[in-house]
Amino acid sequence: MESRAREIGAPSPELSQGSMARDKANPCELDQEKYDADDNVKIICLGDSAVGKSNQPQQLSTYALTLYKHTATVDGKTVLVDFWDTAGQERFQSMHASYYHKAHACIMVFDVQRKVTYKNLGTWYTELREFRPEIPCVVVANKIDADIKVTQKSFNFARKFSLPLYFVSAADGTNVVKLFNDAIRLAVSYKQNSQDFMDEVLQELENIDLEQKEEDQLDHEQRGSPKSLPPS
Ligand SMILES: Nc1nc2c(ncn2[C@@H]2O[C@H](COP(=O)(O)OP(=O)(O)OP(=O)(O)O)[C@@H](O)[C@H]2O)c(=O)[nH]1
Ligand SMILES: [Mg+2]
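Because the structure is predicted, anything quoted here is derived from the model rather than measured. (Residues numbered from 1 in each chain as written. Chains lettered and ligands numbered in written order. Predicted model: local features only at pLDDT ≥ 70, side-chain atom pairs only at ≥ 80, totals over all residues. Heavy atoms only, no water.)

A short note on the overall build of the protein
Counting secondary structure elements, the protein contains seven helices and seven strands. In the protein, the succession of α and β elements from N to C terminus is α-β-β-β-β-α-β-α-α-β-α-β-α-α. By the burial criterion, 42% of the 232 residues in the protein qualify as buried. Across the protein, the fraction of contacts at a sequence separation of at least 24, relative to all contacts at a separation of at least 6, is 75%. Counting every atom, the protein has about 13,300 Å² of accessible surface; 52% of that belongs to carbon and sulfur. (Helix = DSSP H or I, 4+ residues; strand = E, 2+ residues; numbered from the N terminus. Buried < 20%, exposed > 50% of the residue type's maximum accessible area, 1.4 Å probe, protein only. Contact = heavy atoms within 4.5 Å. Areas by Shrake-Rupley, 256 points an atom, 1.4 Å probe, with all protein chains shown as cover.)

Regarding the pattern of salt bridges
Enumeration according to the criterion identifies eight salt bridges in this entry. Close ionic contact of Arg114 with Asp111 constitutes a salt bridge, the shortest N to O distance being 3.1 Å. Judged by relative accessible area, Arg114 falls into the partly exposed class, the value being 31%. A relative accessible area of 3% places Asp111 in the buried class. (Salt bridge = Lys/Arg side-chain N within 4 Å of Asp/Glu carboxyl O.)

Quick notes on the nonpolar core
Ile44, Leu46, Tyr99, Cys106, Met108, Leu128 and Val139 are the most contacted members of the largest nonpolar core, which totals 30 residues. When contributions to this core are tallied by element, the ones reaching two or more residues are β2 (40-46), β3 (65-74), α2 (97-100), β5 (105-111), α4 (121-131), β6 (137-142) and α5 (156-160). Not counting residues within four places of it along the chain, the set of residues in contact with Val139 comprises Met108, Phe110, Leu121, Phe157, Ala158, Leu163, Pro164, Leu165 and Tyr166. Membership of the second largest hydrophobic core comes to 23 residues, among which are Tyr68, Phe83, Val168 and Ile184. (Core = buried A, V, L, I, M, F, W, Y, C linked by side-chain atoms within 4.5 Å.)

Regarding the site of ligand 1
Ligand 1 sits among 19 residues. The nearest are Ser49, Lys53, Ser54, Asn55 and Gly88. Within the contact set of ligand 1, an oxygen atom lies 2.6 Å away from a side-chain nitrogen or oxygen of Ser49. Residue Asn55 places a main-chain N or O atom 2.2 Å away from an oxygen atom belonging to ligand 1. Of the residues in the shell around ligand 1, the class split is five nonpolar, ten polar and four charged. (Near = heavy atom within 4 Å. Polar contact = N/O pair within 3.5 Å; in protein donor to acceptor, adjacent residues only side chain to side chain. Nonpolar A, V, L, I, M, F, W, Y, C, P; charged D, E, K, R; others polar.)

A short note on the pairing of β2
Buried residues dominate β2, accounting for seven of its seven residues. Residues Asn40, Lys42, Ile44 and Leu46 line one face of β2 and the alternating positions Val41, Ile43 and Cys45 line the opposite face, and both faces are buried. Bridge count for β2 against strand β4 (residues 77-86) is five bridges, and the pairing is parallel. Residue pairing for β4: Val41 is matched across the bridge by Val81. Sheet topology places β2 next to β5; four bridges connect them, and they run parallel. Note on β5: the bridge partner recorded for Cys45 is Ile107. (Pairing = 2+ DSSP bridges.)

Looking at unusual backbone geometry
Phi at Ala50 is positive, roughly 70°, even though this residue is not glycine. Within the secondary structure, Ala50 is located in the loop between β2 and β3. Of note, Lys102 is a non-glycine position whose phi angle comes to about 60°, a positive value. Mapped onto the elements, Lys102 comes out in the loop between α2 and β5. What makes Lys102 buried here is its relative accessible area of 18%.

So this is what it looks like as structure tokens:
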């Protein structure tokens, strides 16, 4: 297994510190066709700026898009996971549709110390559902190390939409491994068991198109080749 590969149930120190190996996305990384393959899942992170989505203390500039690559084992099968992370301020320019494209799960983060980041979850969620109406989504209350009492609070947003809520500290690692493992499982199970209605429609259109092409081809061959004519 490569150095970045980690098994579910065998948490990586990288994961627990919220600092998985990071690759600045380059164009060939962004070939999203790969997410159609069984062993690839895409998980996106959403949330306001500075809530701790990336938690890279040494990171000075924020890239518009960062991919965190991870290898997991789910039910004995190896799964390649791409976590897509973006700078929160992108919300104000409206996120590019390709960020959501083919995503299998979403991790939505807010900062327990800044109420506005909790309030903005609604906006993030609406945008998510416009693009991906069905994918599993989990909510993360981050920075609980700063105020452990918040774990006693109930956060209605998660309850209202029946979303799992995780109390996390990316700084000290609390619940980080559990969060990522659960998100990976949800992404894999979404991919295996359900499809967005739009995915199905698109697939159906593709099939019809293929069938039409095959028919046209057959017509063409039958008309063009006398050998295919029935004997008279
Ligand atoms: N106390 C505490 N600070 C944290 C935690 N997670 C992140 N931070 C700090 O919060 C600040 C913002 O963290 P980032 O990971 O850069 O936030 P982000 O959501 O990726 O922000 P953008 O990339 O701008 O969207 C940094 O100074 C982190 O060190 C945490 O769990 N606890
Ligand atoms: Mg970030």
